[in-house]
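Residue-level listing of the chains:
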Amino acid sequence: MVTYDFSGQTAIVTGGTRGIGGAISAALLAAGAHVTATFAGNTERAQAFAASHADTERLDLRQFDVGDYDQVEAFYTEFDAAHESLEILVNNAGIRRDGVVGLMPEADWQAVLQTNLSGTYNMSKMGIMKMMQNRYGRIISITSPSGKMGFEGQANYAASKAGQVAFTKTLSKEVAKRRITVNCVSPGFIDTDFIGELPPEQLKAYKSSVPMKRFGTPDEVAQVVLFLASEAAAYVTGSTLEVTGGL
Ligand code: NAI
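A brief report on the enclosed structure follows. In this text the structure is predicted, and so the values were computed from the model without any measurement.

1. Considerations on the pairing of strand β5 (residues 137-142)
Thought 1: Counted residue by residue, β5 has 6 buried out of 6 residues, so it is predominantly covered.
Thought 2: Of the two faces of β5, the one lined by Gly 137, Ile 139 and Ser 141 and the one lined by Arg 138, Ile 140 and Ile 142 are each fully buried.
Thought 3: Where strand β4 (residues 88-91) and β5 come together, 4 bridges link them in parallel fashion. Residue pairing in the sheet places Ile 88 in a bridge with Arg 138 of β5.

Given below as structure tokens:
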């Protein structure tokens, strides 16, 4: 396993207390970073995550909705007062509300776009200002193959995930001269709550569609995020790295 050293660096991981985000927070903590892990609603899981890292003082938890501009602004006001710099922002928070377009409630369309895409904009907009002051930064957003391939019943999710890629490409060009890189990681089927709720026959079909014939682990995604967050990835920007078992 490659080891990284993020000592002295500050990171924000949205949705950072469980699933893929939990693995990213844990890997950044293990590599020495100060991590602010955010979450939306599942307080029990957040507390369990905090309890499993009770041995470090480098973990903060914050609860707010990334899709709500005012809440994000309030978070950054507090964050800015407590931290001199922000080196790493991981836009991981995401939801899905599946349904075919003809039957998709407008609220499900809006909720997914609001969290996944507007959440990425809200967090990046305010984070990038802090990174520009220090002329250094890494923004990594967790997109999905759904945005490229289009899975039935996921028009809202796919649109939000494709939007993250377009947002990333654009922002990467805007800040490239300031030693700030902006990339996406696109995980395939990863074993988390996110896919755990799918019907067994759908899970079976998904697994057999993966050339490696297995789902990935949250840590396998975290390792790629850490690479992009490191100095080793200094010349990688505007890219999407796929972690899909060949999907
Ligand atoms: P999860 O459901 O286990 O975790 C999602 C996290 O996002 C939770 O911590 C939750 O608190 C947070 N969150 C949700 N809505 C929020 C909001 N409005 N404000 C703040 N935080 C919010 O899901 P998982 O699997 O760990 O997914 C993480 C990311 O990876 C998501 O963006 C998802 O779209 C993406 N992804 C997941 C795949 C998978 O197979 N599990 C595949 C491809 C992408």
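On we go.
2. Here's the deal with the site of the ligand
Thought 1: Near the ligand, the surroundings consist of 26 residues, among which Ile 20, Asp 65, Asn 92, Tyr 157 and Thr 192 are the closest.
Thought 2: In this structure, Arg 18 approaches the ligand through a side-chain N or O atom, which is 2.9 Å from an oxygen atom.
Thought 3: In this structure, an oxygen atom belonging to the ligand sits 2.7 Å away from a main-chain N or O atom of Asn 92.
Thought 4: For the ligand, the protein covers 95% of the area, taking 820 Å² as the surface of the free molecule.
Thought 5: Judged by the fraction of its atoms near the pocket grid, the ligand is located in the largest pocket.
Thought 6: Elements with a contribution of two residues or more to the shell around the ligand: α1 (19-30), α6 (155-175) and α7 (193-196).

3. Considerations on the sheet that holds strand β1 (residues 10-13)
Thought 1: An order of β3-β2-β1-β4-β5-β6-β7 is seen for the 7 strands of this open sheet, with the pairing classed as parallel. What marks the edges here is a single partner per strand, and that holds for β3 (59-63) and β7 (240-243). Averaged over all adjacent pairs, the angle separating strand axes in this sheet is 20 degrees, with direction ignored.
Thought 2: Here β1 runs beside β4; their pairing, made up of 3 bridges, is parallel. Paired with Ile 12 across the strands is Leu 89, a residue of β4.
Thought 3: Strands in contact with helix α2 (residues 43-52) are β2 (34-39) and β3; relative to β3, the strand with the most contacts, it is inclined by about 175 degrees.

4. Some details on a positive patch on the surface
Thought 1: Among the surface-exposed residues, Arg 135, Lys 177, Arg 178 and Arg 179 lie close enough to one another that they form a single positively charged patch.
Thought 2: Among the secondary structure elements, Arg 178 is positioned in the loop between α6 and β6 (180-187).
Thought 3: For Arg 178, a relative accessible area of 32% puts it in the partly exposed group.

5. So, the environment of Gln 47
Thought 1: Counting through the fold element by element, Gln 47 comes out in helix α2.
Thought 2: Exposure remark for Gln 47: the relative accessible area of 52% places this residue in the exposed category.
Thought 3: Along the primary structure Gln 47 and Met 126 are separated by 79 residues, whereas in three dimensions their C-alpha atoms are 26 Å apart.

6. Description of the pattern of salt bridges
Thought 1: Summed over all chains, the structure comprises 7 salt bridges.
Thought 2: Residue Arg 45 is joined to Asp 193 by a salt bridge in which the shortest nitrogen-to-oxygen separation is 2.8 Å. Here Asp 193 lies in helix α7 and Arg 45 lies in helix α2, a separation of 148 residues in the sequence.
Thought 3: The exposure class assigned to Arg 45 is partly exposed, which follows from its relative accessible area of 33%.
Thought 4: Several salt bridges converge on common partners, so that one network encompasses Arg 18, Arg 45 and Asp 193.

Conventions adopted
Residues numbered from 1 in each chain as written. Predicted model: local features only at pLDDT ≥ 70, side-chain atom pairs only at ≥ 80, totals over all residues. Heavy atoms only, no water. Buried < 20%, exposed > 50% of the residue type's maximum accessible area, 1.4 Å probe, protein only. Helix = DSSP H or I, 4+ residues; strand = E, 2+ residues; numbered from the N terminus. Pairing = 2+ DSSP bridges. Near = heavy atom within 4 Å. Polar contact = N/O pair within 3.5 Å; in protein donor to acceptor, adjacent residues only side chain to side chain. Areas by Shrake-Rupley, 256 points an atom, 1.4 Å probe, with all protein chains shown as cover. 1 Å grid on protein atoms, 1.4 Å probe; cavity = no way out; pocket = protein on both sides within 12 Å on 5 of 7 lines; lining within 4 Å. Sits in = over half its atoms within 2 Å of the grid points. Axes fitted to C-alpha atoms, helices over the stretch in contact; angles between N-to-C directions. Contact = heavy atoms within 4.5 Å. Patch = residues over 30% accessible without salt bridge, like charges linked within 9 Å, V, L, I, M, F, W, Y side chains within 5 Å. Salt bridge = Lys/Arg side-chain N within 4 Å of Asp/Glu carboxyl O. Lys, Arg positive; Asp, Glu negative; His and termini not counted. Charge placed at Lys NZ, Arg CZ, Asp CG, Glu CD.

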